[in-house]
Amino acid sequence: YDFARKVAWERFYPSLPFVFILLGVALYGGWRRYQIEKINIKLIKQQQRLNQEKFELEKSVQKLNTDLEEKDNEAFLLNSSIQNLNIKIENSVDRKEIDTLLAEKQELENELLNNENEKSKLLAVLGQKDHAQQELQNRIEEYEIKHGFTLVGEFVRYWTYFEKQLQRL
């Protein structure tokens, strides 16, 4: 006990600050690694969410484009039907037949007008989707610029550590 109190303690206690500093650095390093892993997991989840939003938006835009093509096709068919009715009206001589053809033509023109209204609504929604898609692309680019370096920096740090261990071996 006298040896421990007089000799060993006298030699050991000056190194206590160094031991506490090493312990503090080790704890800080572990805490920092945990924080970085937490950030990386959050960033990866955010990247996945952004990619999912982008996929859903592209799918929605694709559906709108398909609907718009269908409306264009319907408009073309209605215009050709109206032209055929105009030809039939010009060639017809019976007043009842002309009246029924005119009524049919009016119905087709109303349907064509409704089709054009739906087409304009689809174009407006498509414009909104394009705007939303541009905003999403900007968010993705901002994310990649802002947070991509964290992931890359950690990878480089781990790779350097791995190379040093390989050199030691």
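For the structure itself, look to the data block above.
All values reported here derive from a predicted model rather than from experimental measurement.

**Re the overall build of the chain**
Along its length, the chain carries 3 helices and 0 strands. Taken from the N to the C terminus, the helices and strands of the chain come in the order α-α-α. Against the 2.2 N^0.38 benchmark of 15 Å for 169 residues, the chain shows a C-alpha radius of gyration of 37 Å, more extended than a compact globule. Principal-axis analysis of the C-alpha atoms places the extent of the chain at approximately 135 × 30 × 20 Å. Within the span of the chain, comprising 169 residues, buried residues form 18% of the whole. Of the contacts formed within the chain by residues at least 6 apart in sequence, a portion of 83% connects residues at least 24 apart. As displayed, the chain has an accessible area near 13,500 Å², and 59% of this comes from carbon and sulfur atoms. With 25 positive and 28 negative side-chain charges, the chain shows a spacing of 18 Å between the two charge centroids.

**Some points on the nonpolar core**
Core analysis: the biggest nonpolar cluster contains 9 residues, these being Ala75, Leu78, Ile82, Leu85, Ile89, Ile98, Leu101, Leu108 and Leu112. Taken together, the elements giving at least two residues each to this core come down to helix H2 (16-91) and helix H3 (95-168). Of the residues forming this core, the biggest block, 5 residues, is contributed by H2. Grouped together as the second largest cluster of nonpolar side chains are 6 residues, Leu50, Leu57, Leu136 and Tyr143 included.

**So, the packing of aromatic side chains**
By the definition in use, this model includes 3 aromatic pairs. Summarising the aromatic geometry, the rings of Trp9 and Phe12 are spaced 6.2 Å apart at their centres and angled 50° between planes, so their arrangement reads as tilted. Residue Trp9 and its partner Phe12 are both found in helix H1 (residues 2-12); the two are separated by 3 residues, about one turn of the helix. The class of Phe12 is partly exposed, set by a relative accessible area of 41%. Ring plane angle 25° and centroid distance 5.9 Å describe the contact between Trp9 and Tyr13, whose orientation is recorded as stacked. Given a relative accessible area of 43%, Trp9 falls into the partly exposed group. One aromatic cluster is present, built from ring pairs that chain together Trp9, Phe12 and Tyr13.

**Brief notes about the side chain of Lys105**
With respect to the secondary-structure elements, Lys105 resides in helix H3. For Lys105, which is buried and forms no salt bridge, the nearest opposite charge comes from Glu109, at a distance of 4.0 Å. Here Asn86 takes part through its side chain, which lies 2.7 Å from a polar atom of the side chain of Lys105. Apart from residues lying up to four places away in sequence, Lys105 is in contact with Ile82, Leu85, Asn86 and Ile89.

**Describing the side chain of Lys71**
Within the secondary structure, Lys71 is located in helix H2. Using a relative accessible area of 16% as the deciding quantity, one classes Lys71 as buried. Excluding its chain neighbours within four sequence positions, the residues that come into contact with Lys71 are Asn115, Glu118, Lys119 and Leu122.

**What to know about the pattern of salt bridges**
All chains considered together, the criterion is met by 7 salt bridges. Where Arg5 meets Asp2, a salt bridge forms, and the shortest distance between an N and an O atom there is 3.5 Å. Pair noted here: Arg5 and Asp2 are both in helix H1, with a separation of 3 residues, about one helical turn. Across the pair Lys71 and Glu118 runs a salt bridge whose closest N-O atoms are separated by 2.2 Å. Here Lys71 is found in helix H2, whereas its partner Glu118 is found in helix H3, with 47 residues between them in sequence. When salt bridges with common partners are traced through the structure, they connect Lys71, Glu74 and Glu118 into a single cluster.

**Here we look at the environment of Ser120**
Secondary-structure assignment places Ser120 in helix H3. According to the relative accessible area criterion, Ser120 is partly exposed, its value standing at 40%. When the C-alpha atoms of Ser120 and Leu68 are compared, they prove to be 9.2 Å apart, with 52 residues separating the residues in sequence. Of note is the side chain of Ser120, whose polar atom sits 2.7 Å from the backbone oxygen of Asn117.

Parameters at a glance
- Residues numbered from 1 in each chain as written.
- Predicted model: local features only at pLDDT ≥ 70, side-chain atom pairs only at ≥ 80, totals over all residues.
- Heavy atoms only, no water.
- Helix = DSSP H or I, 4+ residues; strand = E, 2+ residues; numbered from the N terminus.
- Rg over C-alpha atoms; globule rule 2.2 N^0.38 Å.
- Buried < 20%, exposed > 50% of the residue type's maximum accessible area, 1.4 Å probe, protein only.
- Contact = heavy atoms within 4.5 Å.
- Areas by Shrake-Rupley, 256 points an atom, 1.4 Å probe, with all protein chains shown as cover.
- Lys, Arg positive; Asp, Glu negative; His and termini not counted.
- Charge placed at Lys NZ, Arg CZ, Asp CG, Glu CD.
- Core = buried A, V, L, I, M, F, W, Y, C linked by side-chain atoms within 4.5 Å.
- Phe/Tyr/Trp six-rings, centres within 6.5 Å; stacked < 30°, edge-to-face > 60°.
- Salt bridge = Lys/Arg side-chain N within 4 Å of Asp/Glu carboxyl O.
- Polar contact = N/O pair within 3.5 Å; in protein donor to acceptor, adjacent residues only side chain to side chain.

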